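Chain and residue survey
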Amino acid sequence: MPNSLEIAAADDLLRVALADPAEAVARAQELATVHADPWTLSVVGQARGIVLRDEGHTAAAVRELRSARALARRSGDPDRLADVRATLGTALALDGQTRSGLNELDQAVLGAVGRQVIARCLMRRGHILAVVLGRHREALRDLRNALRTARALGDRLWVARTLVTTALLHLDTGDVVRAERALHEAHGIFEDEGEELLAVQVVHDQGYVAFCRGDLPVALALFDRAAAGYARFGDVPVELGQDRCKALMAAGLPDEACTVAREQLARDAVPPANRAELELSLAFAELARGDTGASSQAARSARDRFRQQGREVATARAQLVVLGSRRRAGFRGTTLAHDATLVAHRLEAARSEDAPVAWLLAGRATVDTGRDATPLWDAAGRYRRHPSGLVRATAWLARALDQQQRGSDRGVWHACRQGLDALDDYRTTLGSTELRALASVQGDELARLALSRAADSRPRAQLWWCERWRASALAAPGTPLPKDRELAGLFAALRANDRKLAEVRDEEEPKEKLERERARLEKAIQHRRRLVGASNGEVQVRAGVDVARLVDEVGDAAFVELFEVDGTLRAVTVTRGKVRAFVVGSAAEATAAVDSARFVLRQAARGRPVRLADAGTRLQGALLGPVVRLLASGPVVVSPSAALHAVPWGLLPALAELPVSVVPTAASWLRARASRARRSGRVLVVGPGLVSGGAEVPIVAAEHPGAVVLRDGAATVDACLRAMDGAALVHVAAHGRFRADNPMFSALELDDGPLTVHDFERLRRAPRRFVLSACDSGVLVPVGANELLGLATALMSMGTAGVLSSVAPVNDEATAELMVHVHSGLDDVDDLGVVMQRVRERSAGDVVSQATAAAFVALGV
């Protein structure tokens, strides 16, 4: 039997195997040349097996560990044998041999004698039960016992390891708070013990937890921190690259996701399974960017690798991307239809959630050839009662296309409404990254399909359908962070389950358990959402607008909603109790007129000679056409299409002398009108590096002595958010950074860094009004056909009633003067549209002032 010194040396070697694989291999080789006794050689084999397992070579690890088990048995030490068997059981389970692995772990727990070894064996069995098999109750019992013993013995490293596994279990069961608490304690222990690599791995896990609970900015920051930490020890693990890809795609950043995926694929030693997954992630990201050629190439490579690995379901999923990319690239024909049908059969046999997507593709490809696709639409339609909202939406889209083929307007509208309802349910969860991206695309298509059938119907029907998806898409511009603790935990558990389902191999047992767990979580979320809504006195209402209420609220004003159908710009108006529909003209000509007008405003801001009147007249004809005759007097509210939200409406001759406000949707306008000021007080913020130095702020502050002024180092992100929370009016003079690829990561530059759109989700109560004097601060970007993202829509979705911001570069000096007039105007009248009308009247006669006033748009009320 070994002495205490030898046992300590063995413990140290096994610790190094986890923390520094290269060092462990060198030490093991040295020990093997000096010692020939079975006990020491079993330690050597166990260390080698751990290194092989963690490098992804599970089959080789199992062979090494079986040899180590035989040596441990010859040593006559029951604890040595138990420890090796626990490591072997873990490797077997990770290699897909779950039954054999669990048997080894059971024998290890039964055969161990010392309390420390028993605790370590329990921890490893708990890990497999929790992470691989999803048997959470049994796993929690093992982990609690292991943690209690490890704490009692002062075995701090194993306390930390047990905490990490316990955190993953808590995440799977929806207890995010306990998961984060366990990881925080584990990270502290690893740092105190000098285990820097293990501490970095915990940071990686913390990023994954943040990703699962939907906090994408925090997740990305933690992943970046983990990448820097891993780099100090050599290569960054490929799993971190995969997690970053998924987070970037979920955040709507496909360009960055492509970069990360390509960087990971360029590495030398990427395990085959990871390489195939990365290539599929790259394929989805390229498809999101619209590069069908690159998407098809990556998906083909992933498909071939999955096929070599015997992963049939993954092979079919990759083939689905190949075929989808080909069709989007313009390929048509019977071969494409035949191949898509084969993939659909395979995915349906595997009970994959991608099956209805494949049936939908097969139906489209069949229609392209001029043949009847009814059996394929019916196959997709069978999923209309699936637990997943996105799967149901896919099925209803197929049903809508089938009804369109039959010429039934009522059938199309019913299917589209059901599909959009399903997407409303789905959008509250993050879902898998590729399916999340698909949600917006499907919603766009459902809404376009319904609108195309409604274009020649009653104006009220056109207005309702125009609002239906637009309001739904704008209801949640970011990833919502549920305030209900139990609901937040259920969402996180669903996202963790989704990741496991996406990565699971083709073994039936774990996949069936994950699918059952997913169905349970989805039902629990639906039930909890109803309870939370009821406890808050809320009734869940589908997105859309009450047209009758809108007509009453508009009164003597004029409401204009613009939308596009098949390249034609259309309008629905509400004036003097009537709803009318108009064809305005070419959508492309309208977009060109907007670009031209914004160019003119840029020139004016630089002091160059321009003809504002000509630009305004052209813009008016392209955007309003026959609608102009209805706008003789009274306030005007415009709800543009997604592509027309950067319009300087004050430049139009018919609107220059009228109060004009712009809203993302009619529903948001109704909500803004119903809002009330939460408390008095102004917050004035000046960011660093402004040419004007925020010249208007001292003047406004002098006129409002109670205003909170944050500048010259005091304008930090946290200080500003604290002051903004629930304020009546916030004014920010700061440089803006607009992210066209993902406006939710656009930012205002403050003294200690950027204040992003996501940061505003930390507010308990949004400010009633928000004034932004930065250039292009009001620019919103369309995502899909009707979804808009940007600071203005984010604030309005959180309860802000009105936002004043620019849609073009502005002159600094003229802006400072304009802002002083805005604040004094708001002292007199509680309406941004009226205030901006007065500002435009005051600017008449001076081209620069007139252009500056036209560039600022009142969003909301």
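Residues numbered from 1 in each chain as written. Predicted model: local features only at pLDDT ≥ 70, side-chain atom pairs only at ≥ 80, totals over all residues. Heavy atoms only, no water.

Turning next to the overall build of the chain. Along the backbone of the chain there are 36 helices and 16 strands. Sorting the 861 residues of the chain into buried and exposed places 58% on the buried side. Partitioning the intrachain contacts of the chain with sequence separation of at least 6 by distance along the chain shows that 68% fall at a separation of at least 24. As displayed, the chain has an accessible area near 34800 Å², and 50% of this comes from carbon and sulfur atoms. (Helix = DSSP H or I, 4+ residues; strand = E, 2+ residues; numbered from the N terminus. Buried < 20%, exposed > 50% of the residue type's maximum accessible area, 1.4 Å probe, protein only. Contact = heavy atoms within 4.5 Å. Areas by Shrake-Rupley, 256 points an atom, 1.4 Å probe, with all protein chains shown as cover.)

Moving on, we come to helix H20 (residues 374–381). Judged by how many residues are buried, H20 sits mostly within the fold: six of eight residues are covered. Inspection of H20 places Thr 374, Leu 376, Trp 377, Ala 379, Ala 380 and Gly 381 among the buried residues, and these make up the whole buried set.

It is worth spelling out the packing of aromatic side chains at this point. On inspection of all chains with the given rule, the structure shows two aromatic pairs. Pairing Trp 464 with Trp 465 gives two aromatic rings, centres 5.0 Å apart and planes at 85°, and the pair type is edge-to-face. Note on Trp 465: relative accessible area 4%, which makes it buried. Ring plane angle 40° and centroid distance 6.2 Å describe the contact between Phe 559 and Trp 669, whose orientation is recorded as tilted. Highlighted residues: Phe 559 in strand S1 (residues 558–565) and Trp 669 in helix H30 (residues 666–674), separated in sequence by 110 residues. Comparing Phe 559 with Trp 669, the two get one shared label, buried. Seen from the ring of Trp 396, Arg 384 lies directly overhead, with NZ or CZ sitting 5.1 Å from the centre. (Phe/Tyr/Trp six-rings, centres within 6.5 Å; stacked < 30°, edge-to-face > 60°. Lys NZ or Arg CZ within 6 Å of the ring centre and 35° of its normal.)

The next point concerns the pattern of salt bridges. Within this structure, the stated rule accounts for 36 salt bridges. For Arg 327, the salt bridge is made with Asp 368, and the minimal N-O distance between the two is 2.9 Å. One end of the pair, Arg 327, is in helix H17 (residues 312–328); the other, Asp 368, is in helix H19 (residues 355–368), and 41 residues separate them in sequence. Overlapping salt bridges bring together Asp 255, Arg 262, Glu 286 and Arg 289 as one network. (Salt bridge = Lys/Arg side-chain N within 4 Å of Asp/Glu carboxyl O.)

Time to look at helix H8 (residues 136–153). Taking 1.5 Å per residue as the helical rise, H8 with its 18 residues ought to reach 26 Å, and the 25 Å between its terminal C-alpha atoms agrees with that figure. Buried residues of H8: His 136, Ala 139, Leu 140, Asp 142, Leu 143, Ala 146, Leu 147, Thr 149 and Ala 150, and no others. Positioned one or two residues after H8, Gly 154 has a phi angle of 70°, which is positive. (Expected span 1.5 Å × (residues − 1).)

Residues Arg 769 and Val 771 line one face of strand S12 (residues 769–772) and the alternating positions Phe 770 and Leu 772 line the opposite face, and both faces are buried. Looking at chain direction, strand S8 (residues 729–733) and S12 are connected through four bridges and run parallel. Pairing of Val 730 across the sheet is with Phe 770, part of S12. (Pairing = 2+ DSSP bridges.)

The next point concerns the packing of H19 against H20. H20 packs onto H19 with a crossing angle of 165° between their chain directions and a minimal axis gap of 8 Å. Relative to H20, the element H19 lies roughly antiparallel. Here H19 and H20 pass one another in a crossing that is left-handed. Residues Pro 356, Trp 359, Leu 360, Ala 362, Gly 363, Arg 364, Thr 366 and Val 367 of H19 touch H20, and the partners they reach there are Leu 376, Trp 377, Ala 379 and Ala 380. Residue classes in the contact of H19 with H20 are distributed as nine nonpolar, two polar and one charged. (Axes fitted to C-alpha atoms, helices over the stretch in contact; angles between N-to-C directions. Parallel < 35°, antiparallel > 145°, perpendicular 65-115°, else oblique. Left-handed = near helix turned anticlockwise from the far one by under 90°. Nonpolar A, V, L, I, M, F, W, Y, C, P; charged D, E, K, R; others polar.)

The subject of this paragraph is the pairing of strand S15 (residues 802–806). Working note: regular strand, side chains alternate between the two faces of the sheet. The buried fraction of S15 amounts to five of the five residues, a majority that puts the element mostly inside the structure. In S15, alternate side chains face the same way, and those of Gly 802, Leu 804 and Ser 806 on one face and Val 803 and Ser 805 on the other are all buried. Examined bridge by bridge, S12 and S15 share three bridges and lie parallel to one another. Directly across from Phe 770, in S15, lies its bridge partner Val 803.

Take the packing of helix H28 (residues 587–605) against helix H29 (residues 612–623) next. Helix-helix packing is characterised by the crossing angle of the two axes and by the distance between the axes. Taken N-terminus to C-terminus, the directions of H28 and H29 make an angle of 160°; their axes are 9 Å apart at the nearest point. By the criterion of interaxial angle, the relationship of H28 to H29 is roughly antiparallel. The handedness of the crossing between H28 and H29 is left-handed. Contacts from Glu 589, Ala 590, Ala 592, Ala 593, Val 594, Ser 596, Ala 597, Val 600 and Leu 601 in H28 reach Leu 612, Ala 615, Arg 618, Leu 619, Ala 622 and Leu 623 in H29.

Let us now look at the side chain of Thr 315. By the secondary structure assignment, Thr 315 is in helix H17. In this structure Thr 315 comes out as buried when scored by relative accessible area, which is 11%. Setting aside residues no more than four positions away along its own chain, Thr 315 makes contact with Arg 303, Phe 306 and Arg 307.

On the secondary structure map, Ala 32 appears in helix H2 (residues 21–34). Placed 13 residues apart in sequence, Ala 32 and Gly 45 show a C-alpha to C-alpha distance of 9.2 Å. Ala 32 has contacts with Leu 41, Val 44 and Arg 48, leaving out every residue within four places of it along the chain.

Averaged over every residue, the pLDDT of the chain is 83; the share at 70 or more is 85%. Contacts of residues 533–541 to residues separated by more than four positions or lying in other chains number three contacts, the stretch itself having pLDDT below 50. (pLDDT = per-residue confidence, 0-100.)

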